[in-house]
Amino acid sequence: MICKRYTLGVLFWSQINLDLFETVGQPHKRRRTSEPSEIEERLESLICRVGEKSISSLESNLEGLAGVLEADLPNYKSKILKILCTVARLLPEKLTVYTTLVGLLNARNYNFGGEFVEAMIRQLKECLKVNMYNEAVYLVRFLSDLVNCHVIAAPSMVAMFENFVAVTQEEDVPQVRCDWYVYAFLSSLPWVGKELYEKKDAEMDRILTSVESYLKRRQKIHVPMLQVWSADKPHPQEEYLDCLWAQVQKLKKDRWQERHIPRPYLAFDNVLCEALHHNLPPFTPPPHTEDSVYPMPRVIFRMFDYTDDPEGPVMPGSHSVERFVIEENLHCIIKSHWKERKTCAAQLLSYPGNNKIPLNYHIVEVVFAELFQLPIPPQTEVMYTTLLIELCKLQPGSLPQVLAQATEMLYMRLDTMNTTCIDRFIDWFSHHLSNFQFRWSWEDWSDCLSEDADKPRPKFVREVLEKCMRLSYHQQIVDIVPASFSNRHWFLKRITFASFFLHVESLPGYNVALCLNIAIKNKASNDEIFTILKDVANPNQDDDDDEGFSFNPLKIEVFVQTVLHLAAKSFSHSFSALGN
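- Looking at an unreviewed UniProt entry, one finds the chain named MIF4G domain-containing protein, with Phrynocephalus forsythii as its source organism.
- As stated in UniProt under Sequence similarities (unreviewed entry), the record for the chain gives "Belongs to the NCBP1 family."

Structural notes on the packing of aromatic side chains
Line of reasoning, step 1. Summed over the entire model, instances satisfying the criterion amount to 30 aromatic pairs.
Line of reasoning, step 2. Between Tyr-133 and Tyr-294, the aromatic rings sit 5.0 Å apart at their centres with planes inclined by 45°, giving tilted as the arrangement. With Tyr-133 in helix α6 (residues 133-148) and Tyr-294 in the loop between α13 (269-272) and α14 (321-337), this pair connects stretches of sequence that are 161 residues apart. A single burial state applies to Tyr-133 and to Tyr-294, both of which are buried.
Line of reasoning, step 3. Between Trp-442 and Trp-445, the ring centres sit 6.0 Å apart and the planes meet at 85°, which makes this aromatic pair edge-to-face.
Line of reasoning, step 4. By relative accessible area, which is 3% here, Trp-442 ends up buried.

Observations regarding the nonpolar core
Line of reasoning, step 1. Grouped together as the largest cluster of nonpolar side chains are 97 residues, with contacts concentrated most on Leu-143, Phe-185 and Leu-186.
Line of reasoning, step 2. Residues contacting Phe-185, with those up to four places away along its chain left out, are Phe-161, Val-165, Met-204, Ile-207, Leu-208 and Val-211.
Line of reasoning, step 3. Of all hydrophobic cores here, the second largest spans 66 residues; its members include Val-299, Ala-345, Phe-425 and Phe-438.

Considering the packing of helix α10 (residues 201-217) against helix α12 (residues 240-253)
Line of reasoning, step 1. Closest axis-to-axis distance for the α10/α12 pair is 12 Å, and the angle between their directions is 150°. Classified by the interaxial angle, the pair formed by α10 and α12 is roughly antiparallel. When you trace α10 past α12, the crossing you get is left-handed. In this structure, α10 uses Asp-205, Leu-208, Val-211, Glu-212 and Leu-215 to contact α12, whose residues at the interface are Leu-241, Trp-245 and Lys-252.
Line of reasoning, step 2. Here the contact of α10 with α12 is composed, by residue class, of five nonpolar, no polar and three charged.

A short note on the environment of Gly-193
Line of reasoning, step 1. Tracing the chain through its elements places Gly-193 in helix α9 (residues 189-199).
Line of reasoning, step 2. Residue classification places Gly-193 among the buried positions, given a relative accessible area of 0%.
Line of reasoning, step 3. With 45 residues separating them in the primary sequence, Gly-193 and Asn-148 have C-alpha atoms 9.9 Å apart.

The rules behind the values
Residues numbered from 1 in each chain as written. Predicted model: local features only at pLDDT ≥ 70, side-chain atom pairs only at ≥ 80, totals over all residues. Heavy atoms only, no water. UniProt positions renumbered as here; feature names shortened; annotations may be inferred. Phe/Tyr/Trp six-rings, centres within 6.5 Å; stacked < 30°, edge-to-face > 60°. Helix = DSSP H or I, 4+ residues; strand = E, 2+ residues; numbered from the N terminus. Buried < 20%, exposed > 50% of the residue type's maximum accessible area, 1.4 Å probe, protein only. Core = buried A, V, L, I, M, F, W, Y, C linked by side-chain atoms within 4.5 Å. Contact = heavy atoms within 4.5 Å. Axes fitted to C-alpha atoms, helices over the stretch in contact; angles between N-to-C directions. Parallel < 35°, antiparallel > 145°, perpendicular 65-115°, else oblique. Left-handed = near helix turned anticlockwise from the far one by under 90°. Nonpolar A, V, L, I, M, F, W, Y, C, P; charged D, E, K, R; others polar.

Shown next as structure tokens:
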């Protein structure tokens, strides 16, 4: 499995390299012997860990790893190819790290570079065939960045993009098919736009003109259904291709100068520039079939801008390509690590260049963008709750304040918020509060008490408190919120339960409940309990119904209340009693 974690902990590069060199390439020296499977696991660990925090620089780690892999190519080439193709698909947030590694290997072994390019094209075709379009985008982006590493010739990459954009001229195909190929092209330009324009400016202008023509004629009737808010103030909720097109246009205007993508291959330019290039094999997009399932369109979620964090680093503008790169990488991290909330939170907070951007604001915005994505979030909703809790634990001095600021913004915009998103907001907020002792500045929301009870804000606060009571108990919530909330009859209504039959002699079924209580304590059999319950009078039985087959709700109520009374000490007692 790619990137498995070992119980030995993180090994230093020197130790790992020594272990590997002791197993290969030195037949005359005494060394430890290892099984091929063990060596393959070590190779996998090396490749997956490169780019993580280390006592050595990234450049020295990449150079050392390239040397290790080059030495192992004669015996483990197929395994190395498989691992590199897999990380290109599954770890897109470390894209430039792996393209640099491939570039170094290509400079050392030209044939391996060619085989890797062919393997990537095969994997791309397979992903498109089985509708793995998100992974296919990462592969296209990876291939485009190999142009910067002098592995792939720029003209062949331009030819591939021309074939991508030519899909927009196909007839009788769904718009989402054309959208994907346009998106795959545009989303690669932050990485490779400058290099392609320097070598093939006329061809690139022609492709961009075709894209612009397509964007002008495409239908966008889906946008209102996918917007979190119906109003565009203070931040417009743009359709994703329109937003990306605006970002690419600004990037082109800035002469393709991008300031956020880490490019470790620049440190090896004197080595990589001497390597021979490979031409991509001719690539024709597979035809549309009835089984093709393309990604759905979406709307770009915006919550913050540069004014929300005046003291910290400036947040890139909504049409800045840096904004796209940051958000795309954060989405990739969540997609890669969502099953492990601690790892996911740590990876998000250790995002490269975090001292140059307001990282906490970007993280909170991206998490809420996924939580509120319509029609359904990419992952299960509770994952985002646990992730935000973990982020608050790791950054207790800063992230909770950003999250509180975001919550206040969402509350103020409830009037124009999509109903489905409001429900998710309620579920998240109540669950989040339950992990932090339900502490919140409730007094700041007391203005909702003067509004009609069915307005969005009062309704939101009421439903949040109701869910908080389910995660706690009535009196605790009453003690936490201001008295003005608990005094309103439509807030914090206490749920009243029917009196237990064991406590009120006048209730019908009292005597039966007493007998049943004693019988259960004495571990009576099921038949004995059913015999006792036969004595419960049936309020639904007609006078002429001698058979007594009518439904008897009182019998069920007596039994359930007696069992719950006996097991009232804890939830576990109650579940145990009901199970028995």
